[in-house]
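# Observations on the model geometry
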Amino acid sequence: MTVNDKKIEILELLEKDSRLEVEKIAKMTDLSVEETNQLISEMERDHIIAGYSTLIDWTKVLDYEGVTAMIDVKVTPTRGVGFDKVAERIYRFPEVEAVYLMSGAYDLSVLIEAKTMSDIGRFVSDKLSTLESVLSTTTHFVLKKYKHDGIIFEGDDDDKRIMVTP
Amino acid sequence: MSPSSKTTYLSKTVEQLQPSGIRRFFDLASKMDNVISLGVGEPDFVTPWNVIEASFHSLEKGYTAYTANAGMIELRTRISAYLKKKYQVDYDPEEQVIVTVGASQAIDLALRALIDPGDEVIVVEPSFVSYAPAVSLAGGIPVKVDTDPLQQFKLEPELLEKAITEKTKAIMLCSPNNPTGTVLSKDELAAIAAVVKKYDLFVLSDEIYGELCYDEKHTSFSQIPEMKERTLLLSGFSKAFAMTGWRLGYAVGPSEIIKAMTKIHQYTIMSAPTMAQHAAIEALDHSETSVQEMKKSYRQRRNFVVKEFREMGLNCYLPGGAFYVFPSIQKTGFTSEEFAEKLLQEQRVAVVPGNVFGRSGEGYIRCSYATSLKQLDEAMKRIRAFLQTI
């Protein structure tokens, strides 16, 4: 196995569980703790590991209110920098969770999370639509999240096997 | 004979069969709460979704009738192509492949097709708990050959040769092995093959864990020169594709034996479940990525568990396949049964005592690592705590 294979293995493990202890990763990948730490540090330095986040099903949190929307945005690309400039203007807003350049009927897909629906309305009408390059927006509200980042929210992961088998 | 003289209606063969030692542990463990089970001989993954979907689709299409006795020809063709790709051995899907209800049924059919009363079949131990009883049920005599723990439980040709008599007809082999995880290399298989040829024996090669080899490519016994004609390759979908509950296996080998097995199958089982056969086609056609992902996860967990046992001071070799580790508990002074029972009572961790797989398994425990890392981690903590109290 090459160093790169080991890096990929570490990344896959961390992608599934970013809280996985280095000692366990080391044992699973057959590396020493020092080697594992070094590879993780290298990948953090190179921004291969861009951050560590936690996937939370907020709907299960008492009294929490929040709304997610996906907005299709048509824009006019800027000479020299294409879509990058307008994308940056959008992703800098803290309520924007994700921005993707898309092929097809629209150009940018913007994922936004806010406290209320009117907060999202305000963001779209005051901030997004008023950007010079933005031609049109279509806002879709998320009604329910079934699966996100590969995790099934309502999944039942009980072990259905009997206790001892041949 | 007076009408009341019978004490039992049971056959003597069945009466003499011992209940599996695994069953006793299941009964003990299932009555307790908060047990972490390392006693499970099956994947913790659910069957890949595309495979489950294929069975839904087959039902929606109305495929609810019997298939051909030997299995759907489409599936037999896929099995043949899969083995050709994996091992470069050719099997005619029409004549040399039979689809069975799990590899267990393939073992039963094979033994019934081969054995006459009194024939001896060599069972290499530690072994899967069903082999010896299956030989007895077929009317044969299981002759147990112990393997040496210091040789990682690999069958040494000299030991095999010593067990052969004029009545020996066949050998049951299993690589990767349940319960030890031991994988026999091509050279080791070739050495066994030399003995097989010398005494004109037949081999039942259980290769159900063949996809789960972590360090080297799996060698099938049928790949060894001149062995294809005297080998029945037994396998199935349970372990590689996480399909234990679908009960689908197969056997490939010489036409006359497959034909004989099909005859018995036709009179006993008729055919394997149709929706499971449709699912198996999808498994062979489109599940390579899922199999590789599961395999990768097993390898990581194997590495983790072996290192943990070694850190605890228990001798544990690195098994090359399946999803079991077989650490030695000899230094604790307990027998395998005592160790497993105390561990279960005191720390609520279920493992299987090695002696249930044969006397050479005494002093060892079988731990399946086909369970989540979280569970494995907790189990290792509990075993560590248990060791500190004894």
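Residues numbered from 1 in each chain as written. Chains lettered and ligands numbered in written order. Predicted model: local features only at pLDDT ≥ 70, side-chain atom pairs only at ≥ 80, totals over all residues. Heavy atoms only, no water.

Moving on, we get to the overall build of chain B. When helices and strands are tallied, chain B shows 13 helices and 12 strands. At 21 Å, chain B has a C-alpha radius of gyration in line with the 21 Å of a compact globule built from 390 residues. Among the 390 residues that make up chain B, the fraction classed as buried is 59%. Across chain B, the fraction of contacts at a sequence separation of at least 24, relative to all contacts at a separation of at least 6, is 76%. Total accessible area on chain B is roughly 16700 Å²; 51% of this is exposed by carbon and sulfur atoms. Averaging the coordinates of the 43 positive side-chain charges in chain B and doing the same for the 47 negative ones gives two points 2 Å apart. (Helix = DSSP H or I, 4+ residues; strand = E, 2+ residues; numbered from the N terminus. Rg over C-alpha atoms; globule rule 2.2 N^0.38 Å. Buried < 20%, exposed > 50% of the residue type's maximum accessible area, 1.4 Å probe, protein only. Contact = heavy atoms within 4.5 Å. Areas by Shrake-Rupley, 256 points an atom, 1.4 Å probe, with all protein chains shown as cover. Lys, Arg positive; Asp, Glu negative; His and termini not counted. Charge placed at Lys NZ, Arg CZ, Asp CG, Glu CD.)

Counting its secondary structure elements, chain A contains 5 helices and 6 strands. Along the chain direction, N to C, the helices and strands of chain A fall in the order α-α-α-β-α-β-β-α-β-β-β. Relative to a compact globule of 166 residues, whose C-alpha radius of gyration would be 15 Å, chain A shows 21 Å and is clearly more extended. Within chain A, contacts between residues separated by at least 24 positions form 59% of all contacts whose residues are at least 6 apart in sequence. Charge-centre separation for chain A: the mean point of 21 positive side chains lies 3 Å from the mean point of 32 negative side chains.

A few words now on the UniProt feature "domain: Transcription regulator AsnC/Lrp ligand binding" (unreviewed entry) in chain A. According to UniProt, the feature "domain: Transcription regulator AsnC/Lrp ligand binding" (unreviewed entry) maps to residues 72–144 of chain A in the numbering used here. Within the segment residues 72–144 of chain A, helix and strand shares are 27% and 34% respectively, and the terminal C-alpha atoms sit 19 Å apart. (UniProt positions renumbered as here; feature names shortened; annotations may be inferred.)

Looking now at the pattern of salt bridges. The full count for this structure, using the stated rule, is 37 salt bridges over all chains. Residue Glu337 of chain B is joined to Arg24 of chain B by a salt bridge in which the shortest nitrogen-to-oxygen separation is 2.8 Å. With Glu337 of chain B in helix H12 (residues 336–347) and Arg24 of chain B in helix H2 (residues 21–30), this residue pair connects regions lying 313 residues apart in the sequence. The class of Glu337 of chain B is partly exposed, set by a relative accessible area of 24%. Here Asp285 of chain B makes a salt bridge to Arg78 of chain B, at a shortest N to O gap of 3.0 Å. Note that Asp285 of chain B is positioned in helix H10 (residues 274–286) and Arg78 of chain B in helix H4 (residues 73–87), a separation of 207 residues in sequence. Looking at Asp285 of chain B, the relative accessible area reads 34%, which means it is partly exposed. A residue is classified by how much of its surface remains accessible, and Arg78 of chain B, at 30% relative accessible area, is partly exposed. A network of salt bridges, in which partner residues are shared, links Glu21 and Lys24 of chain A together with Asp377 and Lys381 of chain B. (Salt bridge = Lys/Arg side-chain N within 4 Å of Asp/Glu carboxyl O.)

In the numbering adopted here, UniProt assigns the feature "domain: Aminotransferase class I/classII large" (unreviewed entry) to residues 34–383 of chain B. For residues 34–383 of chain B, the end-to-end C-alpha separation is 14 Å, with 40% helix and 14% strand making up the annotated structure.

This part is about the sheet that holds strand E11 (residues 352–353) of chain B. Residues and elements named next belong to chain B. Here 3 strands make up an open sheet; going across it, the order is E9-E12-E11 and the pairing antiparallel. Two strands lie at the open edges of the sheet, namely strand E9 (324–325) and E11, each paired on one side alone. As paired elements, E9 and strand E12 (residues 365–368) share 2 bridges and run antiparallel to each other. In the sheet register, Val325 faces E12, and the bridge partner there is Cys367. (Pairing = 2+ DSSP bridges.)

Residue and element names in this part refer to chain B. Counting residues in each nonpolar core, the largest one holds 95 residues, and the members touching the most others are Leu38, Leu111, Leu204, Leu232, Met261, Phe309 and Ile383. Contacts of Leu232, omitting those with residues within four sequence positions, involve Ala110, Phe202, Val203, Leu204, Ser205, Ala251, Val252, Gly253, Pro254, Ile257, Ile258 and Met261. Of all hydrophobic cores here, the second largest spans 29 residues; its members include Tyr87, Phe241, Ala276 and Ile281. (Core = buried A, V, L, I, M, F, W, Y, C linked by side-chain atoms within 4.5 Å.)

This paragraph deals with the domain arrangement of chain A. Domain boundaries assigned for chain A yield domain 1 (5–46) and domain 2 (58–144). When each unit is reduced to the centre of its C-alpha atoms, the spacing between domain 1 of chain A and domain 2 of chain A is 34 Å. (Domains from an automatic or database assignment.)

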